[in-house]
Amino acid sequence: MARPKRKHRPAPDLSGSMAAPRIVRQPQSAPPLRPPTFPPSVHVVAALGALILGAAAGVYRQCPAPRESANQAAGAVTGLSAFRSPYVCNDDARQQLYWMASFHDKTLFQNDIVVDYARHYVSPGVTALYWLMTFVWPPILAGKLAACGLMALGAFWCFRIGERLSGLAAGVSAAVLFATLTPIADRVVGGNPRAFMYPLLAAWLCYLVRQEHAKVAVVAVISALTYPMTFMLCVPAWFLDAVRFERRRPVLDRARSRWMSTLTGVLLGTAVLGAKYLSPDERFGEIADRTRVMSDPAFREGGRFSEVLGDGREGALTDWVRAAGTPFGLRGTWDGESWVARNPKWGGWAVVGLVTTWIGLAIARLAPLPRQFVWLALASVMMYGVAWLVVFRLFVPARYVQFSFSLLTVLGMALILPGLAERIGPPGARRAACVAAMLLAAGQSFGLSYVRPAVPHINQAHNAAVWQTIERVVPPQSVIAGPPAYLDSVGAFSKRKAYMPDELAHPAYTAYYDNVVTPRIRRTFEVLFAGTADEVLRFAREEKVDYLFYNATEIERGSLSYIKPFDEMLQRLKSRGGPRVLAQRIEPSRNLLGTGGGAALRLIRISPGPDNVFGVAE
């Protein structure tokens, strides 16, 4: 029996209001913009507020905390006056800033191998920036201003990332968290190239999230010019971002514009690094390799670079966990006053809880988890492993996770808090108050410092007369020797040549450490505990040293101490019997500081001249 023919029915008209939506597969690109809930002017004002907040946090962090201000009763500087004081700066800035005074005063630091070493390892972009800034401001003030600018830029780019991914509340939260998180501010210090990593990494991540690869390339090249570790971290994350998943299958992005930008940025950045680091200076030698690092006590517990191997007591995994937990106070290297720092066991669970909450909210579509964040975290772990395998060839391995994990922590909390507030908080102004309360609670739990900065500062305002005297009586080409810790301040605050300052006693370059650092530190301690005047005069003649700057009480009591491996030698010298020339009473007229440095602090001339402490004339 034949089957009856079906009547032809015309296709329904789908143009009306009841039409079903047409499903179109959109190419995966930048995350979509959230619908604006505020006028554009509000977003502009919030962006300006992020810049101002970051700059204000930078100013605040340049002022020493009360507990770190030495001898306040004698007139230590506090408040904004510390920002302007030429005798207050961050501890790490002393090794980078003082020699920059020679940019515009050619009489300073001539024929000084220690200063040449400091110039050698500072990146060309940082050098160029400070060269421009020191046309207007002295180096120490220029460093403080640069730190404020970098904090402002970091807060701004964190705001832009949060705003892009989750709206205005997340952007504001990210800016606030960046400006107040203690470990972040601890690393954004003037004069130090690592201060550039946070703002550059945040800008790079912002453009990567927005898939603006030409701008990603520009930031990558700037990173190579300023802090190469940022470039080394961004490149693998950049390539990983080219992989997308469709139906759980990896697919490579074949967009020509993307690969042109990527390859151009990588090639230019590599060329910058090659021009700087592939032509080593024979005076400083090669960078220490793994064999050298594993055998040299200078890289172990109590040494100059103990952080390279996790103080020599821990393996790579433990060191990575400690570095990754830095934002939560698990390392205990900062103020130690947060709840997590006081409770490391529960602090570890807090880390796990935060990550789990973020992933759970992302799965529930209550908080965004961009793939770029995942790639950056994965690239951080990869680069940490590579750097640890070739120890010190890529500088301190932990840096590859410390900076990125701190930044991802800021952004993670900023993206979680508004989503939680929308679910548990009432609408309107009370919801904003709920976000603020949660932000404050998160800050107190995870180590934010709202009361005072935890950045270690050198506050020598109470010794201003000492540094002024040294600058006045010591000619620019003279060399001052003394305990290494004292000489950092000589260079920074008096602009005079230091024989071997502590901050530049690096074991990173083999020839520099073997031929300059080690013999100079040994000769310094031998002359400080010399038994006869002839030993001091011979030291001055052979090493071409003109002055000694030291504390006589430390020599007399034997309380001077130093890092490994020189501490054993120092202990032997202190236990040696017999008279110590520099500990004996010296006529007040021979102490060039007069009474300005107190009874113990001395500056004496040991090279031939009319004011030689032993009466040796020209």
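Here the structure is a predicted model, which is why all the values come from computation and not from measurement.

What follows covers the overall build of the chain. Within the chain one finds 25 helices and 8 strands. Relative to all contacts within the chain whose residues are 6 or more apart in sequence, the contacts with residues 24 or more apart total 71%. Of the accessible surface of the chain, which amounts to about 28600 Å², a share of 61% is contributed by carbon and sulfur atoms.

With that out of the way, let us pick up the pairing of strand 3 (residues 249-252). Summarising the sheet, strand 2 (residues 243-246) and strand 3 pair through 4 bridges and their orientation is antiparallel. The residue of strand 3 that forms the bridge with Arg244 is Val251. The turn linking strand 2 back onto strand 3 is made up of 2 residues, and Arg247 within it adopts a positive phi angle of 55°.

Quick look at the pattern of salt bridges now. Throughout the structure, instances matching the rule amount to 17 salt bridges. One salt bridge connects Asp116 with Arg119, and the closest N-O pair in it is separated by 3.1 Å. Taken together, the residues Asp116 and Arg119, both in helix 4 (residues 113-121) and 3 residues apart, mark about one turn of the helix. Between Asp241 and Arg371 there is a salt bridge, with its nearest N and O atoms 3.1 Å apart. Here Arg371 lies in helix 17 (residues 371-389) and Asp241 lies in the loop between helix 11 (228-240) and strand 2, a separation of 130 residues in the sequence. Looking at Asp241, the relative accessible area reads 0%, which means it is buried. Among the residues examined, Arg371 registers a relative accessible area of 23% and is labelled partly exposed.

So, about helix 11. Between its first and last C-alpha, helix 11 extends 19 Å over 13 residues, near the 18 Å set by a 1.5 Å rise per residue. Most of helix 11 is tucked away: 10 of the 13 residues are buried. What helix 11 keeps buried is the set Pro228, Met229, Thr230, Phe231, Leu233, Cys234, Val235, Pro236, Ala237 and Trp238.

Let us look at the sheet that holds strand 7 (residues 547-551). Strand pairing in a sheet is mediated by backbone hydrogen bonds. Such pairs are either parallel or antiparallel. Pairing is mixed across the open sheet formed by 4 strands, whose spatial order is 6-5-7-8. Each edge of the open sheet carries a strand with a single partner, namely strand 6 (497-498) and strand 8 (601-605). As judged from the 2 bridges shared by strand 5 (residues 479-481) and strand 6, these two strands associate in the parallel manner. Each bridged residue has a counterpart across the sheet, and for Ile480 the counterpart in strand 6 is Ala498.

On to the packing of helix 4 against helix 22 (residues 510-528), then. Viewed as axis vectors pointing N to C, helix 4 and helix 22 meet at an angle of 135°, and their least axial separation amounts to 12 Å. On the basis of the axis angle, helix 4 is oblique to helix 22. Crossing of helix 4 over helix 22 shows left-handed handedness. Here Ile113, Val114 and Tyr117 of helix 4 lie close against helix 22, whose contacting residues are Tyr512, Val516 and Arg520. Class assignment for the residues of the contact of helix 4 with helix 22 results in 5 nonpolar, no polar and 1 charged.

This part is about the confidence of the model for the chain. Per-chain confidence: the chain averages 78 in pLDDT, with 73% of residues scoring 70 or above. Mean pLDDT across the elements of the chain bottoms out in helix 14 (residues 316-324) (44) and peaks in strand 5 (96). Across residues 67-76, where pLDDT falls below 50, the model places 21 contacts with residues more than four positions away in sequence or in other chains. Within the model, pLDDT remains below 50 along residues 311-345, and this stretch shows 74 contacts once partners closer than five positions in the same chain are excluded.

The next subject is the packing of aromatic side chains. Evaluated as defined, the whole model comprises 21 aromatic pairs. For the pair Tyr117 and Phe284, a centre-to-centre distance of 5.6 Å together with 65° between the ring planes defines the contact as edge-to-face. Taken together, the residues Tyr117 in helix 4 and Phe284 in the loop between helix 12 (256-277) and helix 13 (290-295) connect sequence positions 167 residues apart. Exposure remark for Tyr117: the relative accessible area of 1% places this residue in the buried category.

Our focus in this paragraph is a nonpolar patch on the surface. The grouping of Trp131, Leu132, Phe135, Val136 and Trp137 at the surface amounts to a nonpolar patch, some 540 Å² of accessible area in total. Residue position: Leu132 is located in helix 5 (residues 124-133).

Take the pairing of strand 8 next. The element strand 8 is largely enclosed, with a buried count of 5 among its 5 residues. Residues Leu601, Leu603 and Arg605 line one face of strand 8 and the alternating positions Arg602 and Ile604 line the opposite face, and both faces are buried. Sheet topology places strand 7 next to strand 8; 5 bridges connect them, and they run antiparallel. Within the sheet, the bridge partner assigned to Tyr550 lies in strand 8 and is Arg602.

A separate point is the nonpolar core. Core analysis: the biggest nonpolar cluster contains 153 residues, and Trp204, Ile470, Tyr512, Phe525, Leu548 and Phe549 have the highest contact counts within it. For Phe525, the residues in contact, after removing those within four places along its chain, are Pro484, Leu560, Tyr562, Phe566, Met569, Leu570 and Leu573.

At 3.0 Å, the side chain of Asp116 forms a polar contact with the side chain of Arg283. Among all residues touching Asp116, those that are not within four sequence positions of it are Arg283 and Phe284.

A few words on unusual backbone geometry. Put simply, Lys564 and Pro565 share a cis peptide bond, and its omega is 5°. Along the chain, Pro565 turns up in the loop between helix 24 (552-557) and helix 25 (567-575). Within the chain, Lys495 stands out as a residue other than glycine whose phi angle is a positive 55°. Relative to the assigned elements, Lys495 resides in the loop between helix 21 (484-494) and strand 6. Backbone geometry places Lys544, a non-glycine residue, at a positive phi of 55°. Turning to its location among the elements, Lys544 is positioned in the loop between helix 23 (533-543) and strand 7.

The next point concerns helix 5. Restricting attention to buried positions, one finds in helix 5 the residues Gly125, Val126, Tyr130 and Met133. Buried residues of helix 5, viewed axially, fall in a sector of 125°; they line one side. On the buried face of helix 5, the contacting elements are helix 3 (94-97), helix 6 (139-166) and helix 10 (213-226).

On to the environment of Gln211. You can see Gln211 is positioned in the loop between helix 9 (197-209) and helix 10. For Gln211, a relative accessible area of 15% corresponds to the buried category. Among the polar contacts listed, one links the side chain of Gln211 to the side chain of Arg258, at a separation of 3.2 Å.

Let's shift gears to the state of the cysteines. All chains considered together, the criterion is met by 0 disulfides. Free cysteine Cys206: the closest other cysteine sulfur is in Cys158, separated by 9.4 Å.

What counts and what doesn't
Residues numbered from 1 in each chain as written. Predicted model: local features only at pLDDT ≥ 70, side-chain atom pairs only at ≥ 80, totals over all residues. Heavy atoms only, no water. Helix = DSSP H or I, 4+ residues; strand = E, 2+ residues; numbered from the N terminus. Contact = heavy atoms within 4.5 Å. Areas by Shrake-Rupley, 256 points an atom, 1.4 Å probe, with all protein chains shown as cover. Pairing = 2+ DSSP bridges. Salt bridge = Lys/Arg side-chain N within 4 Å of Asp/Glu carboxyl O. Buried < 20%, exposed > 50% of the residue type's maximum accessible area, 1.4 Å probe, protein only. Expected span 1.5 Å × (residues − 1). Axes fitted to C-alpha atoms, helices over the stretch in contact; angles between N-to-C directions. Parallel < 35°, antiparallel > 145°, perpendicular 65-115°, else oblique. Left-handed = near helix turned anticlockwise from the far one by under 90°. Nonpolar A, V, L, I, M, F, W, Y, C, P; charged D, E, K, R; others polar. pLDDT = per-residue confidence, 0-100. Phe/Tyr/Trp six-rings, centres within 6.5 Å; stacked < 30°, edge-to-face > 60°. Patch = residues over 30% accessible without salt bridge, like charges linked within 9 Å, V, L, I, M, F, W, Y side chains within 5 Å. Core = buried A, V, L, I, M, F, W, Y, C linked by side-chain atoms within 4.5 Å. Polar contact = N/O pair within 3.5 Å; in protein donor to acceptor, adjacent residues only side chain to side chain. Arc of directions from axis to C-beta. Disulfide = S-S within 2.5 Å.

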